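# Survey of secondary and tertiary structure
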Amino acid sequence: MTRRFAIVLAAGQGTRMKSSLYKVLHPVCGKPMVQHVVDQLKPLQLDAVVTVVGFGADRVKEQLGDSTSYVIQEEQLGTGHAVMQAAQELENKEGTTVVVCGDTPLLTSETMEALLQHHEQTQAKVTILTAENSSPDGYGRIVRNTQNVVEKIVEHKDATEEERKITEINTGTYCFDNQALFQVLKHVSNDNAQGEYYLPDVIEILKGQGEKIAAYRTNDFEETIGVNDRVALSRAEQIMRKRINERHMKNGVTLIDPEHTYIGADVEIEQDVTIYPGSMIEGDTTIKTGAVIGPNSEIKNCEIGEQTVIKQSVAHDSKIGARVNIGPFAHIRPLSDIHDDVKIGNFVEVKKSIVEEGSKASHLSYIGDAEIGKGVNIGCGTITVNYDGERKYKTIIEDDAFIGCNSNLVAPVTVKRGSYVAAGSTITKDVPEKALSIARSRQVNKEGYADKLKKMKKD
Ligand code: UD1
Ligand code: CA
């Protein structure tokens, strides 16, 4: 079998994005564009993937890790020059090389596989992935001769009025005979409107050398969108969102209003989950069967158990068990571990805490740096006082303890198994097992004092 390689072009700054974030790192549905591209290369069974980095090289490498090797393009002299940098890795190898841009996040492995197969069948030296686009401004145009054979690609800025009318565009994705690619790149000049070494110029040169040129036209232009500015970024986001949402719906997830449901590219959702509008589910999140999310919930990097309900709430970097009830208006902050059958009610904030089976914090509480056992009742308005201005301390509440309303638990402190804390207490010392702790000033009733007060006011 022919060996297959890929080169990902990701060295440009992306001036048109007007951003301090390098273009290929801009996220589409929560995942950087270049990561989408590299992920779609994975099923193609490639022998090597080389990514050309330049602007923001360290950040791009950090993002892609060791799923690809890297070459540096010190100066951004054009896409042809960028590919040339991969010569040190690939130049003499026999095989087929896919060249793809890091700013085409919607391109699928299926289309790239179809392109590769077309290329391998026709035995052309190069096969261009093209698409029809009724508003082709900005894209390179495919110029065909009277026999409909591809002659060359002309960049928008270099095109004549006539050429600009062509609606077949260069998607920026190609398959090359690897050795022919590096041979022909040496002949590319920068004599054009942008003073750059254009990769598409290799087409005309190969043609001049009498080599076979092929084009594979996809009928899905949307998949090939190149993101150069924020307008295209939002378009890509919209298309990707639709694609992701339809995949989940086909897998048995109910989205009440898919237009207003935002699910990250890597989120996993089991069947019979229902998601209400205004919900953003991002990052490395998994949601188990029967869960109900939203409306208006924000969930990032969470594991959510079966039949859990999360309404109008925010949860980040946490584990939430089965049949848990969260919200409305709860905030689950990072490193929380909420076990099965727990209730976290309205205006409750949980941070870096474990809450074990069946415990309840139904209203208006702050639970931070705490370990809460099973069957605990946290009364309305309870606060774990975890911070002295310098350090954070832990609160431990053991199984079956009952914390009365409006209590302060001043950490470090432990409320032992089965004990009671009276409402309004400020607990600064450990509470023994099964004890009742009252830590508030005693009530004094002054009989008849109201009349006395009124009289004092009159005088
Ligand atoms: C390019 C094509 C155009 C095609 C379009 C498809 C060229 C000259 N033009 O134009 O025909 O229709 O893509 O989207 O190739 N890059 C580098 N180093 C460089 C320059 C660019 O790594 O020196 C990378 C960029 O990071 C980007 C990709 O190459 O990921 C494409 O570059 P870009 O400037 O976006 O090219 P377009 O103008 O979109
Ligand atoms: Ca582009």
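Residues numbered from 1 in each chain as written. Chains lettered and ligands numbered in written order. Predicted model: local features only at pLDDT ≥ 70, side-chain atom pairs only at ≥ 80, totals over all residues. Heavy atoms only, no water.

## Some details on the overall build of the protein
- Scanning the protein from terminus to terminus reveals ten helices and 39 strands.
- Scaling as 2.2 N^0.38, a compact globule of 459 residues should have a C-alpha radius of gyration of about 23 Å, whereas the protein reaches 31 Å, well beyond that.
- Taking as baseline every contact in the protein between residues at least 6 positions apart, the subset at least 24 positions apart corresponds to 41%.
- One finds the centroid of the 54 positive side-chain charges in the protein at a distance of 9 Å from the centroid of its 65 negative side-chain charges. (Helix = DSSP H or I, 4+ residues; strand = E, 2+ residues; numbered from the N terminus. Rg over C-alpha atoms; globule rule 2.2 N^0.38 Å. Contact = heavy atoms within 4.5 Å. Lys, Arg positive; Asp, Glu negative; His and termini not counted. Charge placed at Lys NZ, Arg CZ, Asp CG, Glu CD.)

## A short note on the packing of aromatic side chains
- For the structure shown, the criterion picks out four aromatic pairs.
- Seen in terms of ring centroids, Y139 and F221 are 5.8 Å apart; in terms of plane orientation they differ by 80 degrees. Their pairing is edge-to-face. In this pair, Y139 sits in the loop between β7 (126-132) and β8 (141-144) while F221 sits in the loop between β11 (213-218) and α9 (230-250), placing the two residues 82 residues apart along the sequence. Of the two residues, Y139 and F221, neither departs from the other in class, the shared state being buried.
- A cation over a ring is seen here: K392 above Y387, with NZ or CZ 4.9 Å from the ring centre.
- Here the guanidinium or amino end of K446 rests over the ring plane of Y449, the centre of that ring lying 5.8 Å away. (Phe/Tyr/Trp six-rings, centres within 6.5 Å; stacked < 30°, edge-to-face > 60°. Buried < 20%, exposed > 50% of the residue type's maximum accessible area, 1.4 Å probe, protein only. Lys NZ or Arg CZ within 6 Å of the ring centre and 35° of its normal.)

## Some remarks on the coordination of the calcium ion (ligand 2)
- Protein-derived ligands of the calcium ion (ligand 2) are D103 (OD) and N228 (OD1), with the metal-ligand distances lying across 2.2 to 2.4 Å. Of the two residues, D103 is situated in the loop between β6 (96-101) and α5 (109-122) and N228 in the loop between β11 and α9; the sequence distance between them amounts to 125 residues.
- Residue N228 is classed as partly exposed on the basis of its relative accessible area of 22%. (Donors = N, O, S within 2.8 Å, 3.2 Å for Na, K, Ca; no water.)

## Quick look at the domain arrangement of the protein
- Domain boundaries in the protein define domain 1 (4-224) and domain 2 (249-437).
- Relative placement of domain 1 and domain 2: their C-alpha centres are 48 Å apart. (Domains from an automatic or database assignment.)

## Section: the site of ligand 1
- Every one of the 25 residues lining ligand 1 counts as a neighbour, but Q73, T79, G140, E155 and N170 are closest to it.
- R16 places a side-chain nitrogen or oxygen 3.4 Å from an oxygen atom of ligand 1.
- Take L77: an N or O atom from its main chain is 3.4 Å from an oxygen atom of ligand 1.
- In isolation ligand 1 has 750 Å² of accessible area, and contact with the protein removes 92% of it.
- More than half of the atoms of ligand 1 fall within 2 Å of the grid points belonging to the largest pocket.
- No other element matches strand β10 (residues 168-177), which puts three residues into the shell around ligand 1. (Near = heavy atom within 4 Å. Polar contact = N/O pair within 3.5 Å; in protein donor to acceptor, adjacent residues only side chain to side chain. Areas by Shrake-Rupley, 256 points an atom, 1.4 Å probe, with all protein chains shown as cover. 1 Å grid on protein atoms, 1.4 Å probe; cavity = no way out; pocket = protein on both sides within 12 Å on 5 of 7 lines; lining within 4 Å. Sits in = over half its atoms within 2 Å of the grid points.)

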